[in-house]
Every structure is written in C-alpha cells, then in structure tokens.
Amino acid sequence: MIALLLLPILISLFTMLVLHKSSQTAGIVGIITALFLAVTVDGLRLDTAIIHASVVNKLILSLTAFCVILPGLTLGVLLDEYRYNARIRDFLAALPIDAHHKVLILLFGLLPAIESITGFGVSLILAVPLFFSLYHATTAAQLSMLSMNIISWGTLGLSTMVGSKLAGMDAPTLGVMTAYFVPLYLLLFSMTAFKLLKQSRLNLGEIGFCALLIAVFGTALYFANRYNQVELAGVVAGFISFVVFCAYFLIKNKQSLAKTTRTFLIVMMPYLLVVVFVIAIKLLVYAMPNLLELGTLHGHGVNFVLFASPCLAIILTILSIAARHRHYRIHLPIAKSIKACATLFIFILLAQLMGFAGFISALIASLDGVGGLWLYVLILPIFAMLSGFVTGSNLGGNALLMDISVQLGDKFGHDLLFAAIQNAGAGFAVFTSMPLIILICTIASQNNIDGALDEKSLLSFGLKLLLGVYASIIATAAVLLLIT
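Everything numeric in this text was worked out from a predicted model, so none of it was measured.

Procedures and definitions
- Residues numbered from 1 in each chain as written.
- Predicted model: local features only at pLDDT ≥ 70, side-chain atom pairs only at ≥ 80, totals over all residues.
- Heavy atoms only, no water.
- Patch = residues over 30% accessible without salt bridge, like charges linked within 9 Å, V, L, I, M, F, W, Y side chains within 5 Å.
- Areas by Shrake-Rupley, 256 points an atom, 1.4 Å probe, with all protein chains shown as cover.
- Salt bridge = Lys/Arg side-chain N within 4 Å of Asp/Glu carboxyl O.
- Helix = DSSP H or I, 4+ residues; strand = E, 2+ residues; numbered from the N terminus.
- Buried < 20%, exposed > 50% of the residue type's maximum accessible area, 1.4 Å probe, protein only.
- Axes fitted to C-alpha atoms, helices over the stretch in contact; angles between N-to-C directions.
- Parallel < 35°, antiparallel > 145°, perpendicular 65-115°, else oblique.
- Left-handed = near helix turned anticlockwise from the far one by under 90°.
- Contact = heavy atoms within 4.5 Å.

Draft legend 1. Structural detail: a nonpolar patch on the surface. A cluster of nonpolar side chains, Leu-10, Leu-375, Leu-378, Ile-379, Ile-382 and Phe-383, forms an exposed patch at the surface whose accessible area comes to about 470 Å². The element best represented in the nonpolar patch is helix α20 (residues 373–391), accounting for five residues. Tracing the chain through its elements places Phe-383 in helix α20. Look at Phe-383 and you get partly exposed, because its relative accessible area is 35%.

Draft legend 2. The arrangement of the packing of helix α10 (residues 171–179) against helix α22 (residues 415–429) in detail. Two numbers describe how α10 lies on α22: the axes approach to 9 Å, and their chain directions differ by 70°. Taken together, the axes of α10 and α22 are roughly perpendicular relative to one another. Pair α10 / α22 crosses with right-handed handedness. Residues Thr-173, Leu-174, Met-177 and Thr-178 of α10 form the contact with α22, whose participating residues are Leu-416, Leu-417, Ala-419, Ala-420, Asn-423 and Ala-424.

Draft legend 3. Broad picture of the pattern of salt bridges. Taken as a whole, this structure holds one salt bridge when the rule is applied. For Glu-231, the salt bridge goes to Lys-282, with nearest N and O atoms at 3.3 Å. Separated by 51 residues along the polypeptide, Glu-231 in helix α13 (residues 230–252) and Lys-282 in helix α15 (residues 269–287) bring together distant segments of the chain. Assessed through its relative accessible area of 9%, Glu-231 is described here as buried.

Draft legend 4. The arrangement of the environment of Ala-424 in detail. Position of Ala-424 relative to the elements: it lies in helix α22. What makes Ala-424 buried here is its relative accessible area of 0%. Spatially, the C-alpha atoms of Ala-424 and Met-385 are 8.3 Å apart, while their sequence positions differ by 39 residues. Residue contacts for Ala-424: discarding those within four places in its chain leaves Ser-152, Thr-178 and Phe-181.

Draft legend 5. Structural view of unusual backbone geometry. In this structure, Thr-155 is a non-glycine residue whose phi angle is positive, near 50°. Assignment of secondary structure puts Thr-155 in helix α9 (residues 154–167). Judged by its relative accessible area of 4%, Thr-155 falls in the buried class.

Laid out in structure tokens, this is it:
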C-alpha cells in the first residue's frame, strides 16, 4: 500500500532518472498517475472540490514564484546589457588578495549574496568568466558549482518562503532551523575548494581560516532569519562575510580601505539598490499594515501577499536602472521565466492534488508502526536531496515532497526539523543538478572559454560531494534531535 501511495512520485523519478525524460514530462506522468489512483484506490477520493482546491493553491503558489523569477531574470539581463557584471569582475580581478583567498571569499561571500538577490544561477554570469580567468577549465567549472551554496535563500529566500507556506509554518521559523544545517555543509564545500586550489594536504591554518569564514557567514545567516529577514538572509550573510574578510586582507596588504570601499559600493549599486528597496517596503508595511491585506490573494491554507513579496523591490530596481540609462523598452524574458517555472508549476499541482485527494494522510497512516524516528532521519535526506537534484530547483523539490516531510515529522513531534531537512536537502543538492551544470558549460562556451569541459566529469564530481552533504545533514539532524 505504501508503494502504491508513493507511486505518482516514484514514477516521476523513474521517468526522469531511468527514461531520461524532461522533468515537465515526468511531472505530467505523475499527475496522470495520481488522478488514476485517486479514482480507483479505496480510501482516496477525487471530486470537483478537490480539483478546484488543488488548482487554486497551485495558482497561488505559482504566482508567488513567478512574480519573483520574472523580475529576477529581467534584472539579470539588464545588468549584463549595461555591463554592471563586467565592472564587478574587473573590480574583483584588481583586488590585491592572493588568488585562493580571493576565491574563498567569493565562494562564501559575494557570490552567494548576488545569487540571493537574483537566483536561478544568474550569479554564474559573474562567477564563470572570473574563475576561468584564474584556473584550468575543470577546476574553474567545479568552483562555479561550489558557488551555488545559498540556494535555500536564493532569489530573496523564495524557496524557504514558499516551503514555509507548504509546511504551514512561519518563514523565519523554517529559516532558522534550516540555517542550523549550513555550517557543516559549507565547511565541506570550503575544504573541497581549498583542495581544488592548493592540490596539497590541508594544514591547521587553512582549516582555521575556512572555519572562521564559515562561522561569520553562518552566524549572519542565522541572525538574519532569527530577526524575520528571510528574504535578505543570504544577502546579508554574503555581504558581511565578503566585506569583513576583504577588509582584513586589504589592511594586511596596506591598501586603501576607503578607496576600495567606494569602488565596491559603486560597482555593486544595482544589487545594493534591491536591498534598499526591500527594507523601504518593509518599513512602509510596518507603518501601514493594511497594505498587507490590500495586496493579498487567499487560497486553501496558502496565500500570495504582494507587499511581502520581494518582487516589488526588484521591479523598482529595474525601473531605476532603466530610467538612469533612458532605457524605456525593458526586455522581459517571459519565455525563459516560464521555462524556469514549468517544473515548479507541475510539481506544485501534483503535490496539492496528492494532499487534497488523501494520498499523504493515507501514507502517514500506513507508516504507523513502521520503523522509528532515526530510520526516517536517515532516509528523508536522501529523498530531499533527490528532489532538488532531479528538479534542479529547491522550489521544485519542496513542491514535490514538503507536505510528506512535514506530516511524517508531525508523526514523531518533529515537523519543523523534518521540514528543514527537506528544505536544506533539496537546496544543498541543486549545485550538481544537470540544469546547473549545463548552464555553467553554456556560459563558458558563450565566453569562448569552454576548454576541455566534460559534463559527465562535473556530474561525477558533484555526486561524490553529495555523499559528504548527506553526512553533514545526518550529523546536524542528530545533534538537533539530541539537544531538543
């Protein structure tokens, strides 16, 4: 019975991993399977009310994502068109910091901050040419993969925000619990980066530097979530980490801190403008709380709140940049945005359909007495990571499995922990997904720096690293269970 209830998800995964079909095709196959089972299996149900509720929630959650993804991609196009990213690359290349330290404060500082603002790999437009100018093609591509380490807070915390709605809990609560999984995960990535850069055994000094870097990043990330700044958590953590260590190396090398700071603020102006608008809108809502209800669309347990969405801040930034350059015809990458959202849309519908039709409640009832808490703690991260890997998106992974994870956790009194395992696991696995690897190779090719890139070798590198990611999630979950 358990396998039957999981069949829509299992057949979707089979379609992607074994039949090598697209995630959209796999999701549609899963929906058809769910509809068939809802009609034919005792204990499940399907009627017009269920279909209506599933579609309404799908539209609400999809709108939440699309209203951030479209402006985010539009901003990326605009910044590339006016060479803002090129100027940032020139600034970074001129920094008087040795190469491997520069790479580390980029990997665990500036690049996560930029990815937190734009999302969907837009920061790779900056990262790929920079890394390829410093290292061999394979090493540069692997470093580019490692820069995708903030996905759970990418696109102004979108996946955590949507994940919290699917889980039925506050975004800061889920954000804080997810942040606990970050230090070991980033320490693994930093050790891997150091190994790629140094090609030698790590010493205590290098380990200490990595630990300090991650401590600053992780602490800033935790407190940003703790104080209800989920959208800005990745941005704040990245910028603080970059600025602190960049300032340290500048002072150490007796360089002008004031001059470098001015240049940094100038080249980063578009990204900082997003942060300013996010804060301004939050202050406006605080002063006029009625705005929240004015721009809210309600679904069945989920809603879209316009003035709580980061889309307004990104749109205002786009308009400001366009006005500065007298560019009144803004190119909207609608087709690209729809393509980026297609998998998410489909898996949201599948998950909502399974929830309203009774799949999840029947599954939890069937699992009663089967295994204990620790068995599920060992198994759940595998499925969480698999959901992020196959969909190529933290959002898509959460849409697919968040409901099951939360209800399974609720069975043991640990719904928040299980939701965080899903949110972290899906986000932590995206760095090695095929869509992201293909994006890295595409950007490299467009810049005539493809060298000897091999997608299969990059995938192999990522899958090996996922074993360490799995271990880091298990270790963190074990500690959290023991102290709570």
